[in-house]
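Structural overview
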Amino acid sequence: MDTKTKGPMASEIENRLRTALSPLQLDVINDSAKHSGHMGDDGSGESHFTVVIESAAFAGKSRLERQRMVNAALGDLPGQKVHAMAIKARAPGE
């Protein structure tokens, strides 16, 4: 998959996070090619992602609280439509 072209799942992840957390920075990285043929690879090319997000909403929150906020914003995607997601969440200035 061309890294400059976002697939429908990457776009959905980005839209949900922008709506819920108003990030200052957001990178949705498709890692699926690294996991081709492994457990959880559904053949869609959009099963594994890394999310790097910076949001003022994370200020004063623990790493676990931040991950829970991201997962809440994503709703049913993790575990149902996306097999694996690494989350790197930070507040401004970190």
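Each chain has its residues counted from 1, running along the sequence as written. Given that this is a predicted model, residues contribute local features only at a pLDDT of at least 70 and side-chain atom pairs are listed and counted only at 80 or more, while totals for whole chains, interfaces and linings are drawn from all residues. Side-chain figures throughout are based on the complete set of non-hydrogen atoms in the structure, without hydrogens or water.

The working definition used for a salt bridge is a side-chain nitrogen of Lys or Arg within 4 Å of a carboxyl oxygen of Asp or Glu. For the structure shown, the criterion picks out seven salt bridges. A salt bridge links glutamate 14 to lysine 6, with the nearest nitrogen and oxygen atoms 3.3 Å apart. Aspartate 76 serves as the salt-bridge partner of lysine 81, at 4.0 Å between the closest nitrogen and oxygen. Owing to a relative accessible area of 43%, lysine 81 belongs among the partly exposed residues under this scheme. Only protein chains enter the accessibility calculation, which uses a 1.4 Å probe; a residue is then buried when its area is under 20% of its type maximum, exposed when over 50%, and partly exposed in between. The exposure class assigned to aspartate 76 is partly exposed, which follows from its relative accessible area of 32%.

So, on to the nonpolar core. Residues grouped as a nonpolar core are buried Ala, Val, Leu, Ile, Met, Phe, Trp, Tyr and Cys residues, joined through side-chain atoms within 4.5 Å. Judged by nonpolar contacts, the single largest core of 19 residues is most densely connected at Ile13, Leu17, Phe49, Ile53, Val70 and Met85. Considering each element in turn, this core owes the most residues, five residues, to helix α1 (residues 8-21). Every helix listed is a DSSP run of H or I at least four residues long, and every strand listed is a run of E at least two residues long, numbered separately from the N terminus.

Once that is clear, we can look at the side chain of threonine 50. With respect to the helices and strands, threonine 50 occurs in strand β2 (residues 48-54). Within the structure, threonine 50 has its side chain in polar contact with the side chain of aspartate 31 (distance 2.4 Å). We call two residues in contact whenever any of their non-hydrogen atoms come within 4.5 Å of each other. Setting aside chain neighbours within four positions, we find threonine 50 in contact with Asp27, Val28, Ile29, Asp31, Ala86 and Lys88. Identification of polar contacts relies on pairs of N or O atoms within 3.5 Å, with a donor-acceptor requirement for protein atoms, meaning one able to donate a hydrogen and the other able to accept it, and with residues adjacent in sequence counted only if both atoms are side-chain atoms.

A separate point is helix α2 (residues 63-74). A helix is expected to reach a length of 1.5 Å times the quantity of its residues less one. Under the 1.5 Å per step criterion, the end-to-end length of α2 is 17 Å for twelve residues, consistent within 8% with the ideal 16 Å. For α2, the full list of buried residues reads Arg66, Val70, Ala73 and Leu74. Take α2 and look down its axis: the buried residues cluster within an arc of 100°, on one side only. Of the residues in α2, the exposed ones pointing more than 90 degrees away from the buried face are Arg68 and Ala72. Among the residues trailing α2, glycine 75 stands out with phi positive, at a value near 60°. This arc corresponds to the set of directions leading from the helix axis out to the C-beta atoms.

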